[in-house]
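# Chain and residue survey
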Amino acid sequence: LARGAGTADLAGVRVVVSAGGTREAIDPVRFLGNRSSGRQGYALAATAAARGASVTLLSANVELPDPAGVDVRRVTSARELREAVLEGAATADVVVMAAAVADFRPDTVTASKIKKTAGTTPAPIALVENPDILAEVSRERARPGQIVVGFAAETDNVLDNGRAKLARKGCDLLVVNQVGDGRAFGTADNQAVVLTAEGASVEIERGPKEDVADQVWDLVATRIPGDTG
Ligand code: CTP
Ligand code: CA
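Residues numbered from 1 in each chain as written. Chains lettered and ligands numbered in written order. Predicted model: local features only at pLDDT ≥ 70, side-chain atom pairs only at ≥ 80, totals over all residues. Heavy atoms only, no water.

An unreviewed UniProt entry lists the protein chain under the name Coenzyme A biosynthesis bifunctional protein CoaBC, from Nocardiopsis ansamitocini.

Glancing now at a nonpolar patch on the surface. A cluster of nonpolar side chains, namely L32, F104, I125 and L127, defines an oily patch on the protein surface of about 340 Å² accessible area. Position of F104 relative to the elements: it lies in strand β7 (residues 104-106). Look at F104 and you get partly exposed, because its relative accessible area is 42%. (Patch = residues over 30% accessible without salt bridge, like charges linked within 9 Å, V, L, I, M, F, W, Y side chains within 5 Å. Areas by Shrake-Rupley, 256 points an atom, 1.4 Å probe, with all protein chains shown as cover. Salt bridge = Lys/Arg side-chain N within 4 Å of Asp/Glu carboxyl O. Helix = DSSP H or I, 4+ residues; strand = E, 2+ residues; numbered from the N terminus. Buried < 20%, exposed > 50% of the residue type's maximum accessible area, 1.4 Å probe, protein only.)

Taken together, 14 residues lie around ligand 1, and M97, A99, L134, K165 and K169 are the ones closest in. Measuring from an oxygen atom of ligand 1, one finds a backbone N or O atom of M97 at 2.7 Å. Here ligand 1 loses 76% of its free accessible area of 580 Å² to cover by the protein chains. Of the pockets mapped on this structure, ligand 1 occupies the largest pocket. Looking at the shell around ligand 1, the elements that each hand over two or more residues are α3 (133-140), β9 (147-154) and α4 (158-169). (Near = heavy atom within 4 Å. Polar contact = N/O pair within 3.5 Å; in protein donor to acceptor, adjacent residues only side chain to side chain. 1 Å grid on protein atoms, 1.4 Å probe; cavity = no way out; pocket = protein on both sides within 12 Å on 5 of 7 lines; lining within 4 Å. Sits in = over half its atoms within 2 Å of the grid points.)

Next up on the list: the packing of helix α2 (residues 78-89) against α3. Look at α2 against α3: their axes get within 10 Å of each other, and the N-to-C directions meet at 20°. If you check the angle between α2 and α3, you find them roughly parallel. Of the two possible hands of crossing, α2 and α3 adopt the one that is right-handed. Contacts between α2 and α3 involve A78, L81, R82, V85 and L86 from the first element and I133, E136 and V137 from the second. Here the contact of α2 with α3 is built from residues that sort into six nonpolar, no polar and two charged. (Axes fitted to C-alpha atoms, helices over the stretch in contact; angles between N-to-C directions. Parallel < 35°, antiparallel > 145°, perpendicular 65-115°, else oblique. Left-handed = near helix turned anticlockwise from the far one by under 90°. Contact = heavy atoms within 4.5 Å. Nonpolar A, V, L, I, M, F, W, Y, C, P; charged D, E, K, R; others polar.)

Further remarks concern unusual backbone geometry. With phi around 45°, R141 is a residue other than glycine that occupies positive phi space. Along the polypeptide, R141 turns up in the loop between α3 and β9. Owing to a relative accessible area of 24%, R141 belongs among the partly exposed residues under this scheme. One non-glycine residue, N157, lies in positive phi territory at about 40°. Examined against the element boundaries, N157 turns out to sit in the loop between β9 and α4.

The reference angle at a metal is 109.5 degrees if four donors form a tetrahedron and 90 or 180 degrees if six donors form an octahedron. Ligation of the calcium ion (ligand 2) by protein atoms is provided by D103 (OD) and D103 (OD), these donors lying 2.5 Å from the ion. Structurally, D103 is set in the loop between β6 (94-97) and β7. (Donors = N, O, S within 2.8 Å, 3.2 Å for Na, K, Ca; no water.)

Moving on, we come to the pairing of β6. Here β6 shows no split at all, with V94 and V96 on one side and V95 and M97 on the other all buried. Strand direction decides the pairing type here: strand β1 (residues 14-20) and β6, joined by four bridges, are parallel. Paired with V16 across the bridge in β6 is V95. Two elements, β6 and β9, share four bridges in a ladder whose sense is parallel. Note that in β9 the partner of V96 across the bridge is V149. (Pairing = 2+ DSSP bridges.)

Further remarks concern the UniProt feature "binding site: CTP" (unreviewed entry) in the protein chain. Under the local residue numbering, the UniProt record ascribes the feature "binding site: CTP" (unreviewed entry) to D103, K113, P131, D132, I133, L134, F151, K165 and K169. These annotated residues cover 67 residues of sequence, and their C-alpha atoms reach 37.5 Å apart at the extremes, leaving them scattered rather than at a single site. Within the annotated group just given, the residues that line the largest pocket are D103, P131, D132, I133, L134, F151, K165 and K169. If you trace the backbone, I133 turns up in helix α3. On the basis of relative accessible area, I133 is assigned to the buried category, the value being 2%. I133 has contacts with A78, L81, R82, V85, M97 and V101, leaving out every residue within four places of it along the chain. By secondary structure assignment, the location of L134 is in helix α3. When sequence neighbours within four positions are dropped, the list of residues in contact with L134 reads M97, V148, V149, G150, K169 and C171. (UniProt positions renumbered as here; feature names shortened; annotations may be inferred.)

Now the structure itself:
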């Protein structure tokens, strides 16, 4: 199964992993959010740490225990996550964007709670696009040889959409999960294929998110300069 599981093959490697799902404020008590549980990102952080990496986990609205030996930092919105990722990327060898980042946020956050008024329909919530963190990190490459990994959940044309997305983002690896029919979101198991910038695709064995994570780290490890595996 995973080559490096149970070894210290990531010793000395600095990684930043984002996990969970961002929340975009509407008013002081409401937000736009998504169903990401954070499990895959937490599993990636935990397995990297177990393999000797120095791990910073940027956790967006996740209710899971902190993984052992991981520096966990909490963020809420996409823009906060962007700041934290860019700060972490400045010194990281590997950046993994496992978080579900809200594509849009409300244009304005009202200072007061939006109240209902009998007989009137509420004003529509105007949305603006959030920054694309993965594309930015991939483009900037804060350090030479930095490895950038993205995630994508697709329901249809999984491979075609994944390839187009990898090209659009400019990352090195894209882990594509097939979702729908209750797969991936909130479940312990995962089914994925990893696409590489060189055009290869590697099937990940179906299994617990920890095993998926170890297989992703195997692929990352082969791209780290000096790796002999
Ligand atoms: N991502 C990001 N910043 C965003 C949106 C997405 O960094 N504003 C990252 C996610 O963390 C993930 C990857 O990009 O690693 C793919 O996210 P996905 O939502 O599948 O891609 P999008 O470009 O937003 O495309 P879609 O229209 O399919 O949502
Ligand atoms: Ca998206």
